[in-house]
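Okay, here's what each chain looks like letter by letter:
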Amino acid sequence: MDSDELMFLCEEKMEGVLDNLKSTLQKARTGRANPKMLDSVRIDYYGTQTPINQISGITVPEANQIYIKPYDKSTLKEIEKAIYSCNLGVTPQNDGIGVRLVLPPMTEENRRNVVKDVKKNSEDAKIAIRNIRQDINASLKKNEKDKEISEDMLEAYLKDVQDLTDKFISKIDEELDKKVKDIMTI
């Protein structure tokens, strides 16, 4: 593979890791209701596993509540079952029109556990970034060995890969700091 293509691929993969981390962090519980908590909840809707946000309106009427109002009321029981099976730590309350989720207040211990999980997710993302760097560097060294690029070009590309790595590690740290602050804020 051409070295410029490798650099493009490197940045694209690292961006994917960062996007994945951001998505994971959005789902982490902060003490306030967030509809993103329900992204992984799916129900069997006419034979297809469908995310509940595609078959219902999801609102946050209060800071600690989520209200799910399905477009088709016949799915209420399915939505309830799906929420139970996802182990979100909340009990759905069916009022005949929609499903209300009242989030219990987070204790200090809960907050610390969520922070621990978030830090682990961030560390996993950093490891993924470093693995991408390692793979790209190996490909660049192979290109140099095969005489596709010079030794000087190799050094320049390796420096660029390291700069990208540092940039994305820094972005991961920023996302982590924002999320930890959000979680620990009462």
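Structural data are supplied above this passage.
Since the model is a prediction, treat every value here as computed from it, not as a measurement.

Caption draft 1: Structural context of the sheet that holds strand β5 (residues 92-94). Across the sheet, four strands lie side by side as β3-β4-β6-β5; this open sheet has antiparallel pairing. In this open sheet, the two edge strands, each paired with only one partner strand, are β3 (56-59) and β5. Shown here is a sheet whose adjacent strand axes are inclined to one another by a mean of 20 degrees, direction ignored. Pairing of β5 with strand β6 (residues 99-102) involves three bridges; the strand directions are antiparallel. Across the sheet, the residue bridging to Asn94 is Val99, located in β6. Across the sheet, helix α3 (residues 76-85) touches β4 (65-70), β5 and β6, and the angle it forms with β5 is around 170 degrees.

Caption draft 2: The arrangement of the nonpolar core in detail. By size, the foremost hydrophobic cluster in this structure holds 29 residues, and its most contacted members are Cys10, Met14, Val118, Ile129, Ile136 and Leu140. The set of elements that each furnish at least two residues to this core consists of α1 (3-27), α4 (108-145) and α5 (151-184). Take this core: its biggest share by element is ten residues, from α5. In this structure Ile129 touches Met14, Val17, Thr165, Phe168, Ile169 and Ile172, once residues within four positions along its chain are discounted.

Caption draft 3: Up close: the environment of Ala28. With respect to the secondary-structure elements, Ala28 resides in the loop between α1 and β1 (42-45). Judged by relative accessible area, which is 17%, Ala28 ranks as buried. Taking the C-alpha atoms as reference points, Ala28 and Thr50, 22 residues apart in sequence, are found 22 Å from one another. Apart from the residues within four sequence positions on either side, Ala28 is in contact with Val114, Val118 and Lys179.

Caption draft 4: Highlighting the packing of aromatic side chains. Applying the stated criterion across every chain yields a total of one aromatic pair. Centre to centre, the rings of Tyr45 and Tyr46 are 4.7 Å apart; their planes meet at 70 degrees, and the pair counts as edge-to-face. Given a relative accessible area of 24%, Tyr45 falls into the partly exposed group.

The rules behind the values
Residues numbered from 1 in each chain as written. Predicted model: local features only at pLDDT ≥ 70, side-chain atom pairs only at ≥ 80, totals over all residues. Heavy atoms only, no water. Pairing = 2+ DSSP bridges. Helix = DSSP H or I, 4+ residues; strand = E, 2+ residues; numbered from the N terminus. Axes fitted to C-alpha atoms, helices over the stretch in contact; angles between N-to-C directions. Contact = heavy atoms within 4.5 Å. Core = buried A, V, L, I, M, F, W, Y, C linked by side-chain atoms within 4.5 Å. Buried < 20%, exposed > 50% of the residue type's maximum accessible area, 1.4 Å probe, protein only. Phe/Tyr/Trp six-rings, centres within 6.5 Å; stacked < 30°, edge-to-face > 60°.

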